[in-house]
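For reference, the chains in residue letters:
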Amino acid sequence: MALIKSISGIRGTIGGKVGEGLTPLDVVKFSAAFGTWVLQKTNNNTIVIGRDARLSGEMVNRLVVATLQGLGINVIDLGLSTTPTVEMAVPDKKAGGGIILTASHNPKQWNALKLLNQHGEFINDEEGKLVLDIAEQEAFAFAEVTKLGKYTQSDKYLKKHIKAILDLPLVDVAAVKAANFKVVVDAVNSSGGFAVPMLLEALGVQHIEKLYCEPDGNFAHNPEPLPENLGEIARVLQKGKFDLGIVVDPDVDRLALVNEDGSMFGEEYTLVAVSDYVLQNTPGNTVSNLSSTRALRDVTEKAGGTYFASAVGEVNVVNMMKAQNAIIGGEGNGGIIYPELHYGRDALVGIALFLTHLAKSGLTMTRLRAKYPSYYISKNKIELTQGVDVDAILAKVQKQYAKQPINTIDGVKIEFDKEWVHLRKSNTEPIIRIYAESDTLSTADHLANKIIGDIKEIISEKSE
């Protein structure tokens, strides 16, 4: 059992003892803390909620609704929905905040409360700490019987979300329709099972093969859209009857694409391709996090824009995008953030922009992918013994490579011409994550292993 209390939300496995899993008492406590924070910060007593299709969703939903009503908060429940849809509904309803019940790409035994501010964006570090403090102190007071919150349901927001996407100047419905794409969709039996086909039909796509599109929460495979989990959709595409595959995670904020021959377009390259299309039409700046591919920088600079790297985490990407007036940004896990629509990762807008790009290019998926510089990321971690001073280790590595360009806004990122390595410590366990990128996987592995060797040498020197 696990319960992870972080500034971005509360995540845990269902069941077990209080404080050791996401039990009903934990759900109530943290819902009450967030509701209290919303009331204190905004003096607004409306919160929008929505959930993905995971098995525990209905139970958690009822607990959250009743708790918020008990605080005197009016709840607008979107029911089965997507993370970006809830994000857009919060400001539209002029609510004080939002809660999305989803553990994103985590397996079915997990659920979480993802917390949004009044702008429909994830709460920041400072705000998250305040929510955790309120929960820790149980500093909430519930409403009298005559002042309980009201409960309403709304099923119109996905349609509003899709209409807003179709109305974007860079989404060309006519071009997508004329391309007559044949598409396979893998929605891992969650909210994308109805959201993605609804979008595709609105875009004029007539040939849609649905794979795991029954939103019953029985995830047919590991829900993280990584190549090792996408064997079935790859096999369908290998038969040669379709133009592309679309894969989303349970709450539809991550987008992975599969080529017409069953090979992977590359989750890192979802953002690269969509950004390329946006930059061709609206020159400007881009942002991704420090652990994302360099290819976005290459594409941005080729278009005359400037690329900026943020700390890892959606809220950090959004803050950097606002600071640098970026026209598009996101994360290398397939998360597209297009401010023209809203400041949140959104697989649906990613699909619409990508299909427009593919249609206008006249290329196959594999030929489009070949247009972009190829980089490979090696993802590693080194486990340390308890009590090891991780910050001291990172400082020593930084000093060792002081002649190289170094970024320290989130761990230590060292650049070597067009290669890089990024070291980040875990906030929950004694681990250093080590990501490296190069033009081949073997050289990326070699670079990562070189740094791992350096770390081991530093540790051995300290222990002598």
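Along each chain, numbering runs from 1 in the same order as the chain's sequence is written. In keeping with the predicted nature of the model, local features appear solely for residues at pLDDT of at least 70, side-chain atom pairs appear and are counted solely at 80 or more, and the whole-chain, interface and lining totals rest on all residues. Derived side-chain values reflect all non-hydrogen atoms in the structure, with water molecules and hydrogen atoms excluded from consideration.

Asker: Residues and numbers for the environment of Glu419, please.
Answerer: Along the polypeptide, Glu419 turns up in strand E19 (residues 419-425). Along the chain, Glu419 and Val274 lie 145 residues apart, while their C-alpha atoms are 23 Å from each other. Contacts between residues were defined by any pair of non-hydrogen atoms, one from each residue, lying within 4.5 Å. Every residue in contact with Glu419, bar those within four places of it in the chain, is listed here: Ile414, Glu437, Ser438, Thr443 and Leu447. Here the side chain of Glu419 touches Ser438 through a polar contact of 2.6 Å, side chain to side chain. Where helices and strands are cited, they refer to DSSP runs of H or I of at least four residues and of E of at least two residues respectively, numbered from the N terminus. Two N or O atoms form a polar contact when they lie within 3.5 Å of each other; inside protein one atom must be a possible hydrogen donor and the other a possible acceptor, and for residues adjacent in sequence the pair counts only when both atoms belong to side chains.

Asker: Could you give me a rundown of the environment of Asn222, with the residues and numbers involved?
Answerer: Considering the arrangement of structural elements, one finds Asn222 in the loop between strand E9 (207-211) and helix H8 (231-238). Residue class for Asn222 comes out partly exposed when judged on its relative accessible area of 38%. Measuring from C-alpha to C-alpha, the distance between Asn222 and Val188 comes to 8.3 Å, with 34 residues separating the pair along the chain. Ignoring any residue separated from it by four or fewer positions in sequence, one finds Asn222 in contact with His105 and Asn229. Engagement of the side chain of Asn222 in a polar contact is seen with the backbone nitrogen of Glu224, the distance being 3.0 Å. Think of it in three bands: residues with accessible area under 20% of the maximum for their type are buried, residues over 50% are exposed, and the middle band is partly exposed, with areas taken using a 1.4 Å probe on protein chains only.

Asker: I'd love a proper account of the packing of aromatic side chains, names of residues and values included.
Answerer: Note on aromatic contacts: the rings of Phe and Tyr and the six-membered ring of Trp form a pair at centre separations within 6.5 Å, being stacked when their planes are under 30 degrees apart, edge-to-face when over 60 apart, and tilted otherwise. For the structure shown, the criterion picks out four aromatic pairs. Positioned over the ring face of Tyr269 is Arg369, at 3.6 Å from the centre of the ring. The ring of Trp420 carries Lys413 above its face, with NZ or CZ at 4.3 Å from the centroid. Here, over-ring charges are defined by two tests on the NZ atom of lysine or the CZ atom of arginine: distance to the ring centre within 6 Å, and angle to the ring normal within 35 degrees.

Asker: Can you break down the nonpolar core residue by residue, with the values?
Answerer: In these notes, a set of buried Ala, Val, Leu, Ile, Met, Phe, Trp, Tyr and Cys residues joined through side-chain atoms within 4.5 Å is what counts as a nonpolar core. Grouped together as the largest cluster of nonpolar side chains are 57 residues, with contacts concentrated most on Leu244 and Phe354. The element contributing the most residues to this core is helix H12 (residues 347-361), with nine residues. Beyond its immediate chain neighbours, meaning those up to four positions away, Leu244 contacts Phe181, Lys182, Val183, Val184, Leu237, Leu257, Val258, Phe354, Leu355, Leu358 and Met365.

Asker: Please set out the sheet that holds E19 residue by residue, giving values where relevant.
Answerer: Strand pairing is assigned whenever DSSP identifies at least 2 bridges connecting the two strands. The strand order E16-E20-E19-E18-E17 describes an open sheet built from five strands, whose pairing is antiparallel. Two strands in the sheet have a free side with no partner beyond their single neighbour: strand E16 (376-383) and strand E17 (406-407). Two elements, E19 and strand E20 (residues 431-438), share six bridges in a ladder whose sense is antiparallel. Each residue of the ladder has a partner; that of Arg424, found in E20, is Arg433. Throughout, an axis means a line fitted to C-alpha atoms (over the contacting stretch in the case of helices), and angles, computed between N-to-C directions, take values from 0 to 180 degrees. Running at roughly 160° to E19, helix H14 (residues 390-400) makes contact with E17, strand E18 (412-416), E19 and E20 of the sheet.

Asker: Before we move on, can you summarise the sheet that holds strand E4 (residues 74-80) with the specific residues and values?
Answerer: Backbone hydrogen bonds are what pair the strands of a sheet, in a parallel or an antiparallel way. The strand order across the open sheet built from seven strands is E1-E2-E6-E5-E3-E4-E7, with neighbouring strands paired in mixed fashion. The two strands at the open ends of the sheet, each matched to only one other strand, are strand E1 (3-6) and strand E7 (151-153). Averaged over all neighbouring strand pairs, the angle between strand axes comes to 15°, with direction disregarded. As defined by bridge partners, strand E2 (residues 9-13) adjoins strand E6 (residues 110-116) across five bridges and the pair is classed as antiparallel. For Arg11, the partnering residue across the bridge sits in E6 and is Ala112. Strand contacts of helix H3 (residues 83-92): strand E3 (46-51), E4, strand E5 (97-101) and E6, with the helix running at about 165° to E5, the strand carrying the most contacts.

Asker: A description of the pattern of salt bridges should follow, citing residues and the corresponding values.
Answerer: The rule for a salt bridge is simple: a side-chain nitrogen of Lys or Arg has to be within 4 Å of a carboxyl oxygen of Asp or Glu. With the rule as written, the count across this model stands at 22 salt bridges. Between Asp167 and Lys163 there is a salt bridge, with the nearest N and O atoms lying 2.7 Å from each other. Two residues, Glu415 and Arg297, come together in a salt bridge whose shortest N-O distance is 3.3 Å. Of the two residues, Glu415 sits in strand E18 while Arg297 sits in helix H10 (residues 295-302), which places them 118 residues apart along the sequence. By relative accessible area, which is 26% here, Arg297 ends up partly exposed. One salt-bridge network, in which partners are shared between bridges, spans Lys114, Asp251, Asp253, Glu314, Glu331 and Arg345.

Asker: Summarise the packing of helix H1 (residues 24-42) against helix H4 (residues 125-137); cite the residues concerned and give the values.
Answerer: Contact geometry for H1 and H4: axes closest at 8 Å, N-to-C directions at 125°. Classed by the angle they form, the pair H1 and H4 counts as oblique. The chirality of how H1 crosses H4 is right-handed. Contacts from Lys29, Phe30, Ala33, Phe34, Thr36, Trp37, Gln40 and Lys41 in H1 reach Glu127, Leu130, Val131, Leu132, Ile134 and Ala135 in H4. Its residues placed into classes, the contact of H1 with H4 shows nine nonpolar, two polar and three charged. Should an angle lie under 35 degrees it is considered roughly parallel, over 145 roughly antiparallel, and from 65 to 115 roughly perpendicular; all remaining angles are considered oblique. Two helices that cross are described as forming a left-handed crossing if the nearer one is turned anticlockwise from the farther one by less than a right angle, and a right-handed crossing if clockwise. Think of it as three bins: nonpolar holds Ala, Val, Leu, Ile, Met, Phe, Trp, Tyr, Cys and Pro, charged holds Asp, Glu, Lys and Arg, and polar takes everything else, Gly as well.

Asker: Break down helix H7 (residues 192-202) for me, with residues and values.
Answerer: For H7, the full list of buried residues reads Gly192, Gly193, Ala195, Val196, Pro197, Leu199 and Leu200. Among the structural elements, helix H5 (157-166), strand E8 (182-186), E9, strand E10 (244-248) and H12 are those in contact with the buried residues of H7. Positive backbone phi, approximately 90°, marks Gly204, located one or two places after H7.

Asker: Hey, could you go over the environment of Ser263 for me, with residue numbers and the actual values?
Answerer: Inspection of the secondary structure puts Ser263 in the loop between strand E11 (255-258) and helix H9 (267-281). Beyond its immediate sequence surroundings of up to four residues, Ser263 is in contact with Val258 and Thr366. Only 2.6 Å separates the side chain of Ser263 from the side chain of Asp261, close enough to count as a polar contact.

Asker: Which residues make up the packing of H7 against H12, and what values do they have?
Answerer: In the contact formed by H7 and H12, the axes pass within 10 Å of each other and the chain directions differ by 35°. Once H7 is placed against H12, the crossing between them reads as right-handed. Of H12, the residues touching H7 (which contributes Ala195, Val196, Leu199 and Leu200) are Leu348, Ile351, Ala352 and Leu355. Here the residues of the contact of H7 with H12 sort into eight nonpolar, no polar and no charged.

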